[in-house]
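Reading the structure
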Amino acid sequence: MKKQFKLAIIGCGFMAKSILKGVLQSEFLRGKKIILSDVDLDKLNETSDEYGVNVTNDNRYAAENSEYLLLAVKPQNFPDVAKQLSGVCPKKVISIMAGVKKSVIKNSFGVGLIKVARCMPNLPCSYGFGMTGVDMVDFNRDTDDTEFIYNLFSCIGQVLSITEDKIDAVTGISGSGPAYAFIFLDSLIDAGVKQGLTADEAKLLALQTVWGSCSMLMETDKPLSELIMNVCSKGGTTIEAVKIFEQKNFRGIVSDAVEACVKRSKELSE
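For the structure given in this document, a descriptive report is provided here. Fair warning: this is a prediction, and the values are worked out from it, not measured in the lab.

A look at the packing of helix α1 (residues 14-25) against helix α2 (residues 41-51)
The geometry of a pair of packed helices is captured by two quantities: the angle between their axes and the separation between those axes. Running from N to C, α1 and α2 cross one another at 15 degrees; their axes reach a closest spacing of 12 Å. Relative to α2, the element α1 lies roughly parallel. Crossing hand, α1 versus α2: right-handed. On the side of α1, the interface is formed by Lys17, Leu20, Lys21 and Leu24, while α2 contributes Thr47, Glu50 and Tyr51.

Right, dumping it as structure tokens:
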């Protein structure tokens, strides 16, 4: 039996709205094919007015009448949502809940054969420049399903197809990675101000330099080591800065930070 809605989203938080915005702006789905469910009626009404989607505060209705169910609630709220959906058998579930394994989701529903795609989007998804790691292994036998899930997240940035055992690593690199980038940029801006630039001047220089460097990497096959050396003229200025990075073990600090993040992600999954 064909469902009334193509996609149901349970949860109306920041990332859910980011996905909704990207999906509608790209015209991947029309608003009438989406239903959004949340306990906050004011938030639902605001979203409905802004995006023209269907809304409800009845999670069961949303789940029962949609082909795909996107779980976008906070992990600690999922047990309550699962109780509300007791007896419902959503066939195709997409989860962006951090730290909640597919097995936990399946066991929480406890009925029927449920396929789950586990996804890890990041903050830049809210501007369409995001990165999402997606485990679609459960759907691998159905091209229509994998294309739908892949295209759904392509509306908000790049998508990397992975297996669930790599989700914690994805969290450590791209999920939490924007914070690392912001720290580096903030530090670079502060350093510029210390050297006599205004905050606005330092910000423009830092942001465009990092943006340009990333854009350059997207267009070249040269290894990073070669690009680094291309900037480091012998006896020049850049090599002196690089020496400090090496002396202070910059690579080790980054590695330790990612390792700590991944460790915590694994702890939350237990």
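Details of the pattern of salt bridges
Taken as a whole, this structure holds 10 salt bridges when the rule is applied. Among the salt bridges present, the one from Lys92 reaches Glu67, with a minimum N-O distance of 2.9 Å. Linking Lys92 in strand β5 (residues 92-95) with Glu67 in strand β4 (residues 66-71), this pair joins segments that are 25 residues apart in sequence. Residue Lys92 is classed as buried on the basis of its relative accessible area, which comes to 17%.

Structural notes on the state of the cysteines
Inspection of the entire model under this criterion finds 0 disulfides. Sulfur of Cys12: no disulfide; nearest cysteine sulfur belongs to Cys125 and is 17 Å away. You can call Cys12 buried: its relative accessible area is 3%. Not engaged in a disulfide, the cysteine Cys125 finds its nearest cysteine sulfur in Cys119; these two sulfurs lie 10 Å apart. Under the relative-accessibility criterion, Cys125 is labelled buried at 2%.

Looking at the packing of aromatic side chains
Across all of its chains, the model carries 6 aromatic pairs by this definition. Pairing Phe245 with Phe250 gives two aromatic rings, centres 4.9 Å apart and planes at 50 degrees, and the pair type is tilted. Accessibility expressed as a relative area gives 38% for Phe245, which makes it partly exposed.

Considering the environment of Leu20
Within the element layout of this structure, Leu20 appears in helix α1. Looking at Leu20, the relative accessible area reads 1%, which means it is buried. Spatially, the C-alpha atom of Leu20 lies 23 Å from that of Thr143, the residues being 123 residues apart in sequence. With residues near it in sequence (within four places) discarded, Leu20 still touches Ile9, Ile34, Leu36, Thr47, Tyr51 and Val53.

Concerning the packing of helix α8 (residues 177-194) against helix α9 (residues 199-219)
Where α8 contacts α9, the axes come no closer than 8 Å and their chain directions differ by 135 degrees. With respect to α9, the axis of α8 lies oblique. The hand of the α8/α9 crossing is right-handed. Mapping the contact onto sequence places Phe184, Leu185, Leu188, Ile189, Gly192 and Val193 in α8 and Ala199, Ala202, Lys203, Ala206, Leu207 and Val210 in α9.

The rules behind the values
- Residues numbered from 1 in each chain as written.
- Predicted model: local features only at pLDDT ≥ 70, side-chain atom pairs only at ≥ 80, totals over all residues.
- Heavy atoms only, no water.
- Axes fitted to C-alpha atoms, helices over the stretch in contact; angles between N-to-C directions.
- Helix = DSSP H or I, 4+ residues; strand = E, 2+ residues; numbered from the N terminus.
- Parallel < 35°, antiparallel > 145°, perpendicular 65-115°, else oblique.
- Left-handed = near helix turned anticlockwise from the far one by under 90°.
- Contact = heavy atoms within 4.5 Å.
- Salt bridge = Lys/Arg side-chain N within 4 Å of Asp/Glu carboxyl O.
- Buried < 20%, exposed > 50% of the residue type's maximum accessible area, 1.4 Å probe, protein only.
- Disulfide = S-S within 2.5 Å.
- Phe/Tyr/Trp six-rings, centres within 6.5 Å; stacked < 30°, edge-to-face > 60°.

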